[in-house]
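Architecture at a glance
So you can see what is in the structure, the chains are spelled out below.
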Amino acid sequence: MEVGDEVPVAFDGGIDVLERLLRILPSSPSLDAIIVSFDIETSGTKGHSLRPNRKEVKGVREVGFAVLDTRVMFSTEQESAQSLAKSESPTILTQQFSTSHASEDFEDCDATDFKECIFSKTFYVAKDHLVATITRCFQFPEDAAHQDTTDDDGDKYNQPSPGLRTVVIVGHSPQRDLEIIRRLGVSIDRIVPVAAIVDTYRLSRHILGTESPLNKGGHAPLQKHALSDVLTELGVPHNWHDLHNAGNDATYTLHALILLAARWAEHNGETAAAVGLCAFVEGELAVPRWTPVRKALGAHRAEEELRDPVKRLGSGLVAVATSLRPSLRQEK
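Residues numbered from 1 in each chain as written. Predicted model: local features only at pLDDT ≥ 70, side-chain atom pairs only at ≥ 80, totals over all residues. Heavy atoms only, no water.

Another point: the environment of leucine 68. Tracing the backbone through its elements, the reader meets leucine 68 in strand 2 (residues 60-69). On the basis of relative accessibility, which here comes to 0%, the residue leucine 68 falls in the buried class. Distance in space between the C-alpha atoms of leucine 68 and threonine 91 is 6.7 Å, their sequence separation being 23 residues. (Helix = DSSP H or I, 4+ residues; strand = E, 2+ residues; numbered from the N terminus. Buried < 20%, exposed > 50% of the residue type's maximum accessible area, 1.4 Å probe, protein only.)

Here it is, written out as structure tokens:
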């Protein structure tokens with residue numbers, strides 16, 4: 001996909017992209033890309049139309065990104081489920097920007113209603129710099145490939161070959177947010193090569209909903225597909241107070257994407273892939289993370305839950321991974 005080509009959101013959310021991106025089916029060619037999950041929170045009231053109104057566009061208050069490089073995720077060192085679950089630092093990079101506050105603004109406050117991102121510090125960005133910040137967060141330079149070049153005197157020198165990595169954009173019903181940044185002046189398809197736009201809302205309807213082929217395997221269909229409902233179904237620990245924060249929503253959406261892929265892999269008989277994907281999210285939830293400067297009033301879960309969130313997975317993620325491992329051993 002070249003820069004400038006317009007990329008639509010797939011009707012089914014992007015099942016075929018999911019299979020290639022997270023290497024679910026060995027028969028499908030892998031997709032080398034950086035996954036960029038993003039979310040925008042505005043102070044304007046949303047209308048019934050999918051198109052954002054002028055107040056929403058002018059009232060952008062938070063922008064959040066969660067980034068995962070598939071080259072790192074599927075590197076030689078992290079091919080096994082065991083190594084995926086034992087990482088000492090998160091592989092997913094979360095970035096949170098606010099047009100009103102930064103985390104440091106609340107270091108000396110006794111109380112605040114400012115809801116911090118639980119995965120990353122919040123950085124202040126002036127509205128005049130919002131377009132440049134959003135653009136930068138979608139662009140990832142390709143590692144400079146040095147080529148031997150001969151100059152006029154016959155001497156060889158190294159010249160870097162510039163370029164940008166291909167990205168797959170992810171969101172939970174991302175159409176409105178994509179339109180907001182377009183109206184801000186950011187044309188995604190013109191600033192970076194986009195392989196696909198994946199919608200976890202549509203994916204969840206296809207994989208978990210009433211018409212899902214997984215229902216034949218005994219899974220009860222999911223009736224509602226809001227992000228909180230999907231996270232609960234997939235066993236991702238979360239506090240509803242943490243949602244509707246841009247950085248949190250972007251990160252949780254990426255967790256949901258990976259676990260939806262695990263469900264789809266299990267359905268297709270790819271047990272090893274399912275176990276590995278579950279273990280990856282389990283590891284991401286277990287590693288030490290950013291501790292908010294101030295706990296917003298009622299907005300953050302207890303410190304004990306933050307310290308060891310995997311214990312709270314209950315019958316969700318851990319149960320899925322555990323149920324899959326016996327069949328994996330049988331395959332071996």
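There's more to say after this.
Here the focus is the pattern of salt bridges. Pairing between side chains becomes possible if they bear opposite charge and their charged atoms approach one another. Counting across every chain of the model gives ten salt bridges. For arginine 71, the salt bridge goes to aspartate 32, with nearest N and O atoms at 2.8 Å. Residue arginine 71 is located in helix 3 (residues 70-73), and its partner aspartate 32 is located in the loop between helix 1 (15-21) and strand 1 (34-42); the two are separated by 39 residues in the primary sequence. Classification of aspartate 32 as partly exposed rests on a relative accessible area of 36%. Note that lysine 121 and glutamate 104 form a salt bridge whose closest N and O atoms lie 2.5 Å from each other. On the criterion of sequence distance, the pair formed by lysine 121 in the loop between strand 3 (93-98) and strand 4 (122-124) and glutamate 104 in the loop between strand 3 and strand 4 is long-range, its members being 17 residues apart. Counted as one network, the salt bridges with shared partners bring together Asp32, Asp69, Arg71, Glu142 and Arg165. (Salt bridge = Lys/Arg side-chain N within 4 Å of Asp/Glu carboxyl O.)

This part takes up the confidence of the model for the chain. Of all residues in the chain, 71% attain a pLDDT of 70 or more, and the chain-wide mean is 79. For residues 76-82, every residue scores under 50 in pLDDT, and the model assigns this stretch ten contacts once sequence neighbours within four places are set aside. In the model, residues 144-161 has pLDDT below 50 throughout and makes 23 contacts with residues more than four positions away in sequence or in other chains. (pLDDT = per-residue confidence, 0-100. Contact = heavy atoms within 4.5 Å.)

In terms of residue burial, strand 8 (residues 194-199) counts as a mostly covered element, since five of its six residues are buried. With five bridges joining them, strand 7 (residues 167-171) and strand 8 adopt parallel strand pairing. Counted as the bridge partner of valine 168 is alanine 196 from strand 8. (Pairing = 2+ DSSP bridges.)

Time to look at helix 11 (residues 271-286). Taking 1.5 Å of rise per residue, 16 residues should cover 22 Å, and helix 11 covers 22 Å from first to last C-alpha, within 8% of that figure. Among the 16 residues that make up helix 11, 14 are buried, leaving the element largely enclosed by the rest of the structure. (Expected span 1.5 Å × (residues − 1).)

As a further point, take the packing of helix 10 (residues 246-267) against helix 11. Here helix 10 crosses helix 11 at 160°, and the two axes come no closer than 8 Å. Put simply, helix 10 runs roughly antiparallel to helix 11. In the crossing of helix 10 with helix 11, the sense of the turn from one axis to the other is left-handed. Residues His255, Ile258, Leu259, Ala261, Ala262, Ala265 and Glu266 of helix 10 lie in contact with helix 11, whose contacting residues are Ala273, Ala274, Leu277, Cys278, Phe280, Val281, Glu284 and Leu285. (Axes fitted to C-alpha atoms, helices over the stretch in contact; angles between N-to-C directions. Parallel < 35°, antiparallel > 145°, perpendicular 65-115°, else oblique. Left-handed = near helix turned anticlockwise from the far one by under 90°.)

Moving on, we come to the side chain of glutamate 62. Residue position: glutamate 62 is located in strand 2. At 3.1 Å, the side chain of glutamate 62 forms a polar contact with the backbone nitrogen of alanine 246. Those residues within four positions of glutamate 62 in sequence are excluded, and the remaining contacts are Asp39, Ile40, Glu41, Gln96, Phe97, Ser98, Lys115, His244, Asn245 and Ala246. (Polar contact = N/O pair within 3.5 Å; in protein donor to acceptor, adjacent residues only side chain to side chain.)

This part covers the environment of phenylalanine 65. With respect to the helices and strands, phenylalanine 65 occurs in strand 2. Separated by 69 residues in sequence, phenylalanine 65 and isoleucine 134 have C-alpha atoms that sit 9.2 Å apart. Each residue touching phenylalanine 65, except ones within four places of it in the same chain, is listed here: Val36, Ser37, Phe38, Leu93, Thr94, Gln95, Phe97, Ile134, Cys137, Phe138 and Ala250.

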